[in-house]
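# Structural overview
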Amino acid sequence: GGLDSSTVVAIAKKLYPNKKIRTFCIGLDKNSPDMVIARKLAKDLGTIHTEYTFTIKEGVEIIPAVVTAIETIDKTTIRASTPMYILIKKMKQDYPEIKVLLSGEGADELMCGYLGFHSSKTVKAAYEWSTFLMQNIHKFDVLRAHQCGMAHGVEVRVPFLDKYFMKYVRSVHPMSFVPMLGQEKYLLRQAMAHLLPDYIIN
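Below, the structure is looked at part by part. (Residues numbered from 1 in each chain as written. Predicted model: local features only at pLDDT ≥ 70, side-chain atom pairs only at ≥ 80, totals over all residues. Heavy atoms only, no water.)

### Concerning the pattern of salt bridges
All told, the structure shown has ten salt bridges when counted by the stated rule. Residue Glu51 is joined to Arg39 by a salt bridge in which the shortest nitrogen-to-oxygen separation is 2.5 Å. Remark: Arg39 occurs in helix H2 (residues 33-45) and Glu51 occurs in strand S2 (residues 48-53); sequence separation between them is twelve residues. The closest approach of N and O atoms between Lys185 and Asp108, which form a salt bridge, is 2.6 Å. Of the two residues, Lys185 is situated in the loop between helix H9 (163-171) and helix H10 (186-191) and Asp108 in helix H6 (residues 107-110); the sequence distance between them amounts to 77 residues. The pair formed by Lys185 and Asp108 is uniform in burial state, with each residue classed as buried. (Salt bridge = Lys/Arg side-chain N within 4 Å of Asp/Glu carboxyl O. Helix = DSSP H or I, 4+ residues; strand = E, 2+ residues; numbered from the N terminus. Buried < 20%, exposed > 50% of the residue type's maximum accessible area, 1.4 Å probe, protein only.)

### Describing the layout of surface pockets
As a volume, the second largest pocket reaches approximately 170 Å³. In terms of lining residues, the second largest pocket is bounded by Leu28, Phe54, Thr55, Ile56, Gly59, Val60, Ile63, Ile78, Arg79 and Thr82. Looking at the lining of the second largest pocket, the elements with two or more residues in it are helix H3 (56-61) and helix H5 (75-94). Looking at the lining of the second largest pocket, its residues break down into six nonpolar, three polar and one charged. (1 Å grid on protein atoms, 1.4 Å probe; cavity = no way out; pocket = protein on both sides within 12 Å on 5 of 7 lines; lining within 4 Å. Points joined across faces, edges and corners; volume = space filled by probe spheres on them. Nonpolar A, V, L, I, M, F, W, Y, C, P; charged D, E, K, R; others polar.)

### Quick notes on empty space enclosed by the protein
Using the criterion set out here, one finds one cavity of 30 Å³ or more in the structure. As a volume, the largest cavity reaches approximately 80 Å³. Leu110, Met111, Cys112, Tyr127, Ser130, Val169, Arg170, Val172, His173, Pro174, Phe177 and Val178 together form the lining of the largest cavity. Listed by contribution, the elements that provide at least two residues to the lining of the largest cavity are helix H7 (123-135) and H9. A class-by-class count of the residues in the lining of the largest cavity yields nine nonpolar, two polar and one charged.

### Observations concerning the packing of aromatic side chains
Under the defined criterion, the tally for this structure stands at three aromatic pairs. Judged by centre distance (4.2 Å) and plane angle (35°), the ring pair of Phe117 and Trp129 falls under tilted. Highlighted residues: Phe117 in the loop between H6 and H7 and Trp129 in helix H7, separated in sequence by twelve residues. In this structure Phe117 comes out as buried when scored by relative accessible area, which is 3%. (Phe/Tyr/Trp six-rings, centres within 6.5 Å; stacked < 30°, edge-to-face > 60°.)

Have a look at this one:
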């Protein structure tokens, strides 16, 4: 339901228009905004969509298994890993044949997508923070995706971190990626406007 994961799905759909593409989403409440948007996009793109929910109790109880899987005590990574771990665990129970997932990890670090980038005093400062995040992404978001997947025998691939795409993005002037007109990842939004509906782009 987010811009990054939706971009991955939309491009996959464009490349393979006749393939049955599966999408997955998880949340605490089936009527939460992210779940509702993911459901709507899945319908609009014609994917086979599966939703899961989990309780706070379930999330708390699984934290020891999550920490063991991701091998870190970084609390932000644990917080973000918990729903991903539960999602892949439930998905693998229902669809044991699935071996690979595509995910939108990396876009925020690469293209200045976090809300904190709005506070950057200069374009240079934003670019330097983006560079720092990219240099350490293997300790956080990529660690989370990889370890949560591997704990259940699933490879999580991250197209935004493809080396050729990263090289292209880094060749573009940083001004194109800092938040503008009140939006993060403005260039990505414009690039995807022909493939994604307005409720995702904006």
